[in-house]
Amino acid sequence: MSALRVGILGGTFDPPHAGHLIVAQDVVEALELHELLFMPCHVPPHRDPHGISPASIRFRMVQAAVEPNDRLRASDLELQRQGPSYTVDTVRLLSDAYPGADLFVVIGADQFANLHTWKAPEELASLARLVVMAREGEDPSRIDPGVKVSYDCVPVTRVDLSSSAIRERVRQGRSIRYLIRKPVRRIIAQEGLYRD
């Protein structure tokens with residue numbers, strides 16, 4: 001029997017949108033993952049945490065976003081820990097939770113370019129396989145991550161959509177239909193998110 005293949009896709013997911021789901025499905029299929037964990041961070045180490053929606057609400061939105069897909073799963077592992085959410089710490093815990101599994105840390109090309117600023121990137125690459133998502137027009141082999149690590153490249157669908165653009169549309173009172181799943185839109189409305 002082959003080893004369990006588990007991917008980790010981290011982020012603030014404020015909010016999770018169609019672009020996240022589309023590239024996640026691309027990665028699941030390309031890597032033949034048994035599951036891909038959507039991992040909302042507690043405190044993002046590379047951005048200002050002020051203005052980010054509460055972790056519990058972001059987790060509910062992620063649950064609502066991935067619910068219909070049996071290969072995508074919301075994980076609150078990083079939300080259970082205090083302080084910044086470092087991927088290497090998360091992967092250490094997952095190595096214990098999934099003994100013998102093949103772990104894959106899925107990142108964007110922009111994150112790959114800043115890998116040298118991450119906590120213990122070499123250790124991270126020894127604990128899990130790094131997977132860089134390459135949208136159309138991106139070539140990770142031309143990126144210097146500032147550290148010597150091996151990685152795989154997975155082409156994904158180019159979806160020019162961002163959480164910040166979604167938040168801005170809500171602020172402006174514009175529709176976010178089709179950009180975000182209906183259950184997530186419901187949470188945004190119920191919690192009054194992204195309005196001044």
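Just above, that's the structure.
Computed from a prediction, not measured in an experiment: that's the story for all the values here. (Residues numbered from 1 in each chain as written. Predicted model: local features only at pLDDT ≥ 70, side-chain atom pairs only at ≥ 80, totals over all residues. Heavy atoms only, no water.)

K.L.:
Can you walk me through the overall build of the chain in this structure?
P.N.:
Counting secondary structure elements, the chain contains seven helices and six strands. Its C-alpha atoms put the chain at 45 × 35 × 35 Å along the principal axes. Taken across its 196 residues, the chain has 46% of its residues classed as buried. A separation of at least 24 residues holds for 72% of the contacts in the chain among residues at least 6 apart in sequence. Carbon and sulfur atoms provide 48% of the accessible area of the chain, an area that totals close to 10100 Å². Across the chain, 24 positive and 25 negative side-chain charges occur, with their mean positions spaced 7 Å apart. (Helix = DSSP H or I, 4+ residues; strand = E, 2+ residues; numbered from the N terminus. Buried < 20%, exposed > 50% of the residue type's maximum accessible area, 1.4 Å probe, protein only. Contact = heavy atoms within 4.5 Å. Areas by Shrake-Rupley, 256 points an atom, 1.4 Å probe, with all protein chains shown as cover. Lys, Arg positive; Asp, Glu negative; His and termini not counted. Charge placed at Lys NZ, Arg CZ, Asp CG, Glu CD.)

K.L.:
Which parts of the structure should I look at to understand the sheet that holds strand β6 (residues 151–156)?
P.N.:
What links the strands of a sheet is backbone hydrogen bonding, and the strands pair in either a parallel or an antiparallel sense. Spatial strand order, β3-β2-β1-β4-β5-β6: six strands in an open sheet with parallel pairing. A single partner strand is all that each edge strand has here, and the edge strands are β3 (72–74) and β6. The sheet shows a mean angle of 30° between the axes of neighbouring strands, taken without regard to direction. Taken together, the five bridges between strand β4 (residues 102–108) and strand β5 (residues 129–135) define a ladder with parallel strand orientation. In the strand pairing of β5, I107 is matched with V132. (Pairing = 2+ DSSP bridges. Axes fitted to C-alpha atoms, helices over the stretch in contact; angles between N-to-C directions.)

K.L.:
What is the right way to read helix α2 (residues 55–66) from this model?
P.N.:
Here α2 spans 17 Å end to end across 12 residues, near enough to the 16 Å set by a 1.5 Å rise per residue. Burial runs high along α2: nine of the 12 residues are buried. The set of residues buried in α2 consists of A55, I57, R58, F59, M61, V62, A64, A65 and V66. Looking at the buried side of α2, the elements it contacts are β1 (5–11), α1 (18–31), β2 (35–40), β3 and α7 (182–191). (Expected span 1.5 Å × (residues − 1).)

K.L.:
What exactly am I supposed to notice about the side chain of H17 here?
P.N.:
Position of H17 relative to the elements: it lies in the loop between β1 and α1. Separated by 3.0 Å, the side chain of H17 and the backbone nitrogen of G19 make a polar contact. In contact with H17, other than residues within four places in its own chain, are L161, S162, S163, I166, L179 and I180. (Polar contact = N/O pair within 3.5 Å; in protein donor to acceptor, adjacent residues only side chain to side chain.)

K.L.:
I would appreciate a short explanation of the packing of aromatic side chains in the present structure.
P.N.:
The description of an aromatic ring pair rests on the distance of the ring centres and on the angle between the ring planes. Within this structure, the stated rule accounts for two aromatic pairs. With a centroid separation of 5.2 Å and 35° between ring planes, the pair formed by F13 and F38 is classed as tilted. Residue F13 is found in the loop between β1 and α1, and its partner F38 is found in strand β2; the two are separated by 25 residues along the sequence. Per residue, the accessibility class of F13 equals that of F38, and both read buried. (Phe/Tyr/Trp six-rings, centres within 6.5 Å; stacked < 30°, edge-to-face > 60°.)

K.L.:
Quick question: what am I supposed to make of the nonpolar core here?
P.N.:
As a rule of thumb, nonpolar side chains are buried together in soluble globular proteins. Counting residues in each nonpolar core, the largest one holds 37 residues, and the members touching the most others are L9, V27, L36, F38, M61, L72 and I188. Residue contributions to this core peak at eight residues, all from α2. Those residues in contact with M61 that sit more than four places away from it in its chain are F13, D14, P15, P16, V184, I187, I188, L193 and Y194. In terms of nonpolar packing, the next biggest core, distinct from the first, is built from 23 residues, I8, L130, V147 and V149 among them. (Core = buried A, V, L, I, M, F, W, Y, C linked by side-chain atoms within 4.5 Å.)

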